[in-house]
Structures are given as C-alpha cells and as structure tokens.
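What follows is the residue order along each chain.
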Amino acid sequence: MQNMILVTGGAGFIGSNFILQRIQEQATSIVNLDKLTYAGNPHNLETVSSDSRYKFVQGDIGDRALMRQLLGTHHPCAIVHFAAESHVDRSIRGPEDFVRTNIDGTFALLEETRAYWSALSDEQRKSFRFVHVSTDEVYGSLGPDDPPFSESTPYAPNSPYAASKAASDHLVRAYHHTYGLPTLTTNCSNNYGRFQFPEKLIPLMILNARDGKALPVYGDGQNVRDWLYVEDHCAAIATVLRRGRLGDTYNIGGWNEKPNLEIVHMICDLVDEMAPRAGNSRRDLITFVKDRPGHDRRYAMDARKIERELGWRPKATFESGIRETVRWYLENEAWVRDVTSGSYRQWVATHYSG
Ligand code: NAD
Ligand code: TYD
C-alpha cells in the first residue's frame, strides 16, 4: 500500500510525463492502467518498462471488475486519474466516446474507489488520495478584458469535451461531499512538451513545418490559450497529491497567455533555425482555415491559490519550454513515425480536407 500509486491514462501525453517524473524523483511504485486508445503509447514509458517499481495494465476505467481486481491486488495509497478523451475537435465530430470515458468511466472509477476506500483501515482511509486531473475549459471562454479563471468562476463548458470534463469534476466533488472520499481536483491550462499526440496545435505545427506542409490556423489565429510546460504541470499534480486540502480544487496555469498565431510564428522560426532549408521561411506555410465550431476565444488561469497555499509556481519559461519541445520532436523521428501512422493519418485526412 505504501507509496503505490494507481495512475489511469498513464500512456498518454501528460500521464507518461507524470510517471517518468515520479519514478525518477520518488521512491514510488506505479501501476498504469490505460486502454491504449489512439492517444496511448506504451513506448513513452520504455525507459521504465523493466523497472520493478512500474507495471502496465491494459484496460478500461469503465471495466468495474478489472478496477476492483486492480485495487484489491495492488492496494494503492493514491489514484491519479488522467484517463480521458482529450481532443476538442474529435469531441465535435464524435462526442459519444467522450461521454463514455470522461463521464461514465469516471463514475465507474469513483464507485470502485469508494468501495475500496471504505474497506481500508482508519489510518489508511485517512491517508488515501484521489486526484482528478481536469482542465480550464470547464470555465468556458473569456472576453479580452475579463480577469483569468479562478477556482470560484462558475462552470460554463462550451464543447462536448469541456462538458464531459465538467460532468466528471462535478461527480468527483459530489463523492467528496456525500461520501467523504478524499478527493482533489486540478484544473489546468493548455500543456505542451514531449509525447503530445500531433493532433494538438503545437506538435501538429512543428511536424507540418518540418515537412513543409500547410500550417492550418483556425479563424483569425487570435484565440488565446495559457500555455504550461508539461513538466511543470506534473510537478503541480505531485504537489497537490502531497499537500492539497481535501475536497479542494486547484487552478494550474503558466501565466503565459498567447494568441495562436504568435505560437505558430515562434514554432516556424525555431524550425527554421534547427532544421534549416533553402528558400522561404516556414511562416509562408501558414494557412487560415475555417474556424472550429463554438471555438472558445480566450482561456487564462489565475494560479495564485496553488502558489499561495502549496508553494507551486511554473519553472520553465515559454521560450525555454517551446525550444526544448521543438528540439524533441525534431530529434525523435522514430516516435513520430510510430504515432503518425494508421488512425492518425485518417484523422488528418478527414478533419483537414477542404
Ligand atoms: P491524452 O489524450 O494524450 O491521453 C489520454 C490517455 O487516456 C491515453 O493514454 C488513452 O489511451 C487513455 N484512455 C482513454 N480512454 C481510456 C479509458 N476508457 N480507460 C483507460 N484509459 C483510457 O490526454 P492528455 O493530454 O495526456 O490529458 C490527460 C488528462 O489531463 C485528461 O484528463 C485531460 O482532460 C487533462 N488535461 C489535459 C490538458 C492538455 O493540455 N493536454 C490540459 C489540462 C487537463
Ligand atoms: P488544441 O491544441 O486542440 O487545444 P484546445 O482546443 O484544447 O485549446 O488547440 C489549441 C488552439 O489552437 C485552439 O485555439 C485551436 C487552435 N488550433 C488551430 O488553429 N489549428 C489546428 O490545427 C489545431 C489542432 C488547433
């Protein structure tokens, strides 16, 4: 039980960074339960695959018999719940998987966790933690002069993805309030870094720029996101797990609001610098395309609570993080080839056609 964490969705972008960071920094054992959807990639965890402190199990959080068996066998002292469908554009084209995993799956996980936790000794029950990893998108969209989202901003999700995450946040809240389950929720802004599936803005732009392909910017490119380096997000989750106040939510952000077009310009310039080619700048590849339906205009996080109460602040600057990220995608050709085959190609062909 001691120091055993059950991570869900640990083969995805943030989960795999979290596992690698925890294994490196702590005497922690981790069981990683992941369904391995198109977004899950066990290669991310190759460096720990033979470590006795790490175990991978393929499965669905909605499979209650499996969850019961895993909890009973491994006796975790904490669960960190990343597993989700996470891409807004996919949620617009096919919301059903989002309801199934993000809402029904989280519900199943909460029910099995409650049964497991209820049967623990008093001492174990007190120290147990359930960390639910969520997003700033549950708060909706900000106007240009609005203050950033705080923990008391009312929920107003706009996409099927955001709505499904909001529903899961409410379930987690209710399980604390009603049953006393020791939960913590984190709502974080947009992440970037290694292992992010190249359907999301930053890796998509890096790889298209590398290959001399069009860089599809939605609408006028002035939508604003608050970008956080994934290593900083993982450190924040670890801090909340260790010291967060039970039942509370913590907003996590990078204090780094930028319009999409500025991000794409920075990526073009870095790719030009690191993978020079004859002829024009990669900026010439920018193509404005039809906007995403219901596209939220601006997200920004007020992350003062986690700083004030738990002492967490991002370490990376956007300039250092994005440089490291562009370098990683350019240097890890085999990883890129692995994930950009099959269903990924089909997604790109369908989503960007016309
Ligand atoms: P991701 O899509 O890269 O990874 C999700 C992982 O969950 C994949 O490995 C997938 O195989 C797994 N999974 C999906 N359905 C599952 C199921 N039913 N059972 C078990 N495993 C399943 O996502 P990510 O970007 O790493 O995001 C992780 C979490 O962080 C999500 O909950 C997301 O909402 C949240 N979040 C993401 C961001 C971001 O910028 N990426 C920001 C804030 C919060
Ligand atoms: P994304 O990485 O999908 O994250 P989210 O929608 O969860 O914020 O998109 C980030 C921003 O980039 C968002 O405003 C949509 C925009 N975007 C594009 O302009 N072009 C693209 O091809 C993609 C994938 C996103």
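Described below are features of the structure shown in this document. Predicted model, so just to flag it, every value in this text is computed and none were measured. (Residues numbered from 1 in each chain as written. Chains lettered and ligands numbered in written order. Predicted model: local features only at pLDDT ≥ 70, side-chain atom pairs only at ≥ 80, totals over all residues. Heavy atoms only, no water.)

For the rest of this paragraph, the subject is helix 7 (residues 201–210). Summarising burial for helix 7: eight of the 10 residues are buried, a large majority. Among all positions in helix 7, only I202, P203, L204, M205, I206, L207, N208 and A209 are buried. Each element contacted by the buried residues of helix 7 is listed here: strand 7 (191–192), strand 8 (215–218), helix 9 (260–274), helix 11 (318–331), helix 12 (333–339) and helix 13 (343–351). Just downstream of helix 7 lies G212, where phi reads positive at about 70°. (Buried < 20%, exposed > 50% of the residue type's maximum accessible area, 1.4 Å probe, protein only. Helix = DSSP H or I, 4+ residues; strand = E, 2+ residues; numbered from the N terminus. Contact = heavy atoms within 4.5 Å.)

Around ligand 1 sit 28 residues, and of these I14, D34, S86, Y161 and K165 come closest. Within the contact set of ligand 1, a nitrogen atom lies 3.0 Å away from a backbone nitrogen or oxygen of I61. Here a nitrogen atom of ligand 1 sits 3.0 Å away from a polar atom, N or O, in the side chain of T101. Protein chains bury 97% of the 830 Å² of accessible surface belonging to ligand 1 in isolation. Counting residues per element, the ones that place at least two in the shell around ligand 1 are helix 1 (13–25), strand 5 (129–135) and helix 6 (160–179). It is strand 5 that provides the largest number of residues to the shell around ligand 1, a total of three residues. When the residues that make up the shell around ligand 1 are grouped by side-chain class, the tally is 12 nonpolar, 12 polar and four charged. (Near = heavy atom within 4 Å. Polar contact = N/O pair within 3.5 Å; in protein donor to acceptor, adjacent residues only side chain to side chain. Areas by Shrake-Rupley, 256 points an atom, 1.4 Å probe, with all protein chains shown as cover. Nonpolar A, V, L, I, M, F, W, Y, C, P; charged D, E, K, R; others polar.)

This part is about the packing of helix 7 against helix 11. Packed helix pairs are characterised by how far apart their axes lie and by the angle those axes make with each other. Between helix 7 and helix 11, the shortest axis-to-axis distance is 10 Å and the interhelical angle comes to 55°. Between helix 7 and helix 11, the crossing angle belongs to the class labelled oblique. The two elements helix 7 and helix 11 cross, and the hand of that crossing is right-handed. Residues I202, P203, I206, L207 and R210 of helix 7 form the contact with helix 11, whose own contacting residues are F318, I322, T325, V326, Y329 and L330. Residues of the contact of helix 7 with helix 11, tallied by class, amount to nine nonpolar, one polar and one charged. (Axes fitted to C-alpha atoms, helices over the stretch in contact; angles between N-to-C directions. Parallel < 35°, antiparallel > 145°, perpendicular 65-115°, else oblique. Left-handed = near helix turned anticlockwise from the far one by under 90°.)

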